[in-house]
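Letter by letter, the chains look like this.
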Amino acid sequence: MATVADDHHDHHDHHPTGLIRWITTTNHKDIGTLYLLFSFAMFLVGGAMAMVIRAELFQPGLQIVDPHFFNQMTTVHALVMVFGAVMPGMVGFANWMIPIMIGAPDMALPRLNNWSFWILPFAATLLLSSFLTAGGGPAAGWTLYAPLTIQGGMGVDLTIFAVHMLGISSVLGAINVIVTIFNMRAPGMDFMKMPLFVWTWLITAFLLIAVMPVFAGAVTMLLTDRHFGTAFFNPAGGGDPVLFQHIFWFFGHPEVYIMILPAFGIISAIIPTFSRKPLFGYTSMVLAVAGIAFLSFIVWAHHMFTVGMPLIGEVYFMYATMLIAVPTGVKVFNWVATMWRGSLTFETPMLFAIGVVVLFTIGGLSGLMLGITPADFQYHDTYFVVAHFHYVLFSGSVMAMMGGVYYWLPKWTGHMYDEKLGKLHFWLTTIFFNITFFPQHFLGLAGMPRRIPDYALQFTEFNVISSLGAFGLGVSQLLMAYIVYKCVKGGEKATDEVWDNPEGLEWTLPSPAPYHTFETPPVIK
Amino acid sequence: MSHAPGSYYLPNPSAWPIVGSIGLFTLLLGFVLFLHDGGTGPWLMVFGAAVTVFMLFGWFGTVARESESGLYNTEVGVSYRISMMWFIFSEVMFFGGFFGALLYIRQLSVPWLADTDLLWPGFTGGWPTAGPEGAVPIGPDTPISNPGQFSTIGAWGLPFWNTLILLTSSVTCTIAHHALKEDKRMKLIIWLAITVALGFIFLVLQGAEYMHAYQDLGLTLGTGVYGSTFFMLTGFHGAHVTIGAIVLLVILVRVLRGHFTPENHFAFEAGAWYWHFVDTVWVGLFIFVYIL
């Protein structure tokens, strides 16, 4: 049936080829691929900056870069990873999988979909071109706090406009996801029958539309404070720099869930397949995601405990933050319960999924520690924070994406990836990740401040370990590029089901999935 | 791609998105250079803006042609409607950020600044304020006598009439919508034209108000945090009214060309929703910026 469908389209389509195909494409699979490739490229760019950071921190003292450049590295590393690697990567998965998972012929608004992607390379160019300007790139941290960003040079303006473009891309992409899920489901694909990945993306898209415009407003206020004489963040004119922090984190906290919720969705697809059991507690999973999303709007000031808030604010934001542990705990419990008494096998995607469950939980627990106001006064702006968010972001979002790539790669390419190399990639990543970031907990608890290129002598050993781990972690990722390249080029032919009787519409399609799928809606039982 | 009648319309590959990206990129890069006195900045901005406008005409023109040639089934219409609703929601959140900033400044940070005597002894806070180092506020609508003062715009003069104009335009817009649904073209054209005219009258009056503020009242974007919030909120609202009025004008042109049917007129609905949205934001502005 698949070949028939293929031939049919070859006759009717007049698709441009080569570069023009990729620039003008309106096909969700093409656009998904573009997103994923862009994400990986940015992952390497951001990773290279991390290497600079860790090289400088390999020894106490200033060796390799000057402090201003070090600050640019920490700032742009974070911006590139958040807005260039993780978010577009997740959108890549959404593009590829959501239409297939709900039995739709494509995304609801294909041209807009193309624009959502093609804004990104231009936004990245704006951001990275800041390094070429006098004064260099932004150096105030990815949070772009005023008043430091009021002072920077041209690089800050380029960053502000890059953020505007990224915001447009995210909002348009999120609208597309929501419309697709609301309006393009195959008959019988009820909301409570949708794969959890689709649910997580529906809620993520809602978060994106709700907070990206607020962030755009915040950087717009920065811009006018810098150039047009406004006083939003200037106390001499009646403003308040803390206002920027409030607006930023009203965006920033939902933003971290924007990066993790789709990862939860990917994990919830992988674990049942390799446990050979349906996902445990589907309804509670959906409710937990919705609960996390709701809570994300009312906890933002836990990033600002030391800024000088009234006591009532500190206490409220502490307890509200603690609440997040409940729905998150539900999810972790459900993943473990899914594996409970399943007939488990440990292919690469499953290894990554289990790695995420374990390591993300560590990050979640250190998050709880940070959420306790009095304790946070000790941890704030130390390496403990750095360790925490890398455990949730790298071993949460990024490793979930890696697992997702291995899980769906045979469906995308029609070939099996090299299982041995895949497992090697997992073990190298996991081990080096822990070598890199676990010691940072100790450094932070002992008081090493983050975003500083030098440190006191007693922090040397753990920093050496961390840097060695980071170099290993960086090099290991080149292996993934090779594995994917090899898989695209050839390899063992993948079956339609790929895995052992997995659930989901994507496995009813041939491998590789034809260019157009589900033009006639599938029948949902 | 191949298109079976009655199925969901999936467009062919399109160059408009990349044109839009190039336009936006050039516009913003030009803006940065302009802010830093780069001589090419303004030229890049003009070029980028032109490319962006070209993209908007081309892209929306394509959509209008596809719509008029009957390629869109009901489901496509539903997709457009849902997406417009969420787009407006994103705009609501954009304004929400600025309203939130106003609330925070008035209710929390200005009182805190006045409570501490360390930095600026003698600063008493209150609203309006341009901060401890800014100009001193004198009563509303009072022309200033020296540069150290500023005055605010009272709610019950021009802003009140502007409120009536926008609220009336929302009503006329709805009348036009009903006329479209009843297929009464002449009535539709008249009421839609009135709506567009009211929109532009609002903008002219708003411009006059800004002139008055800058020339007589000493109220500018740089008048401390009052000037910042006042001009950013009303300014972004004005920008949105401009967009909405242009959208309705384009819709009017399409109506004159015989576009839209009583059943199929998504573009009209989207424009009307957007118009009601900017009117609602104005009501919020009138209450929180002008009256209170």
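Residues numbered from 1 in each chain as written. Chains lettered and ligands numbered in written order. Predicted model: local features only at pLDDT ≥ 70, side-chain atom pairs only at ≥ 80, totals over all residues. Heavy atoms only, no water.

## Re the packing of helix H8 (residues 196–227) of chain A against helix H9 (residues 241–275) of chain A
Residue and element names in this part refer to chain A.
Here is step 1: Interaxial distance between H8 and H9 falls to 8 Å at its minimum, and their mutual angle equals 160°. Judged by the inter-axis angle, H8 sits roughly antiparallel to H9. The chirality of how H8 crosses H9 is left-handed.
Here is step 2: Here the residues of the contact of H8 with H9 sort into 25 nonpolar, four polar and one charged. (Axes fitted to C-alpha atoms, helices over the stretch in contact; angles between N-to-C directions. Helix = DSSP H or I, 4+ residues; strand = E, 2+ residues; numbered from the N terminus. Parallel < 35°, antiparallel > 145°, perpendicular 65-115°, else oblique. Left-handed = near helix turned anticlockwise from the far one by under 90°. Nonpolar A, V, L, I, M, F, W, Y, C, P; charged D, E, K, R; others polar.)

## As for the interface of chain B and chain A
Here is step 1: Between chain B and chain A, the contact holds 64 residues from the first and 71 residues from the second.
Here is step 2: Here chain B packs against chain A, burying approximately 5,500 Å² in sum over the two surfaces, 78% of which is carbon and sulfur.
Here is step 3: On inspection of chain B and its partner chain A, the count reaches one salt bridge.
Here is step 4: One salt bridge in this structure joins Arg111(A) and Glu66(B), with 2.8 Å as the shortest N-O distance.
Here is step 5: Elements supplying a minimum of two residues to the side of chain B that touches chain A: helix H1 (16–35), helix H2 (41–68), helix H3 (74–115) and helix H6 (224–256) of chain B.
Here is step 6: For the side of chain B that touches chain A, the element with the highest residue contribution is H3(B), accounting for 21 residues.
Here is step 7: A breakdown of the residues in the side of chain B that touches chain A according to their chemical character gives 43 nonpolar, 18 polar and three charged. (Contact = heavy atoms within 4.5 Å. Buried area = accessible area lost by both parts, 1.4 Å probe. Salt bridge = Lys/Arg side-chain N within 4 Å of Asp/Glu carboxyl O.)

## Describing a nonpolar patch on the surface
Residue and element names in this part refer to chain A.
Here is step 1: Taken together, the side chains of Trp427, Ile431, Ile435, Phe438, Phe442, Phe462 and Ile465 define a hydrophobic patch exposed on the protein surface, amounting to about 610 Å² of accessible area.
Here is step 2: Put simply, the parts of the chain that give the nonpolar patch at least two residues each are helix H16 (419–445) and helix H17 (460–489).
Here is step 3: It is H16 that provides the largest number of residues to the nonpolar patch, a total of five residues.
Here is step 4: For isoleucine 465, the location among the structural elements is in helix H17. (Patch = residues over 30% accessible without salt bridge, like charges linked within 9 Å, V, L, I, M, F, W, Y side chains within 5 Å. Areas by Shrake-Rupley, 256 points an atom, 1.4 Å probe, with all protein chains shown as cover.)

## Focus: the domain arrangement of chain B
Residues and elements named next belong to chain B.
Here is step 1: The domain architecture assigned to chain B consists of domain 1 (9–71) and domain 2 (77–291).
Here is step 2: Measuring from the centre of the C-alpha atoms in domain 1 to the corresponding centre in domain 2 gives 26 Å.
Here is step 3: In this complex, domain 1 contributes four residues to the contact, which on the side of domain 2 involves five residues.
Here is step 4: When the area that domain 1 buries against domain 2 is broken down by residue, the three leading residues are Ala64, Ser67 and Glu68, summing to 79%.
Here is step 5: Connecting domain 1 to domain 2 are one salt bridge.
Here is step 6: When the shortest N-O distance is used, the salt bridge between arginine 254 and glutamate 68 registers 3.6 Å.
Here is step 7: Joining domain 1 to domain 2, the criterion identifies one residue pair in polar contact (both at pLDDT 80 or more). (Domains from an automatic or database assignment. Polar contact = N/O pair within 3.5 Å; in protein donor to acceptor, adjacent residues only side chain to side chain.)

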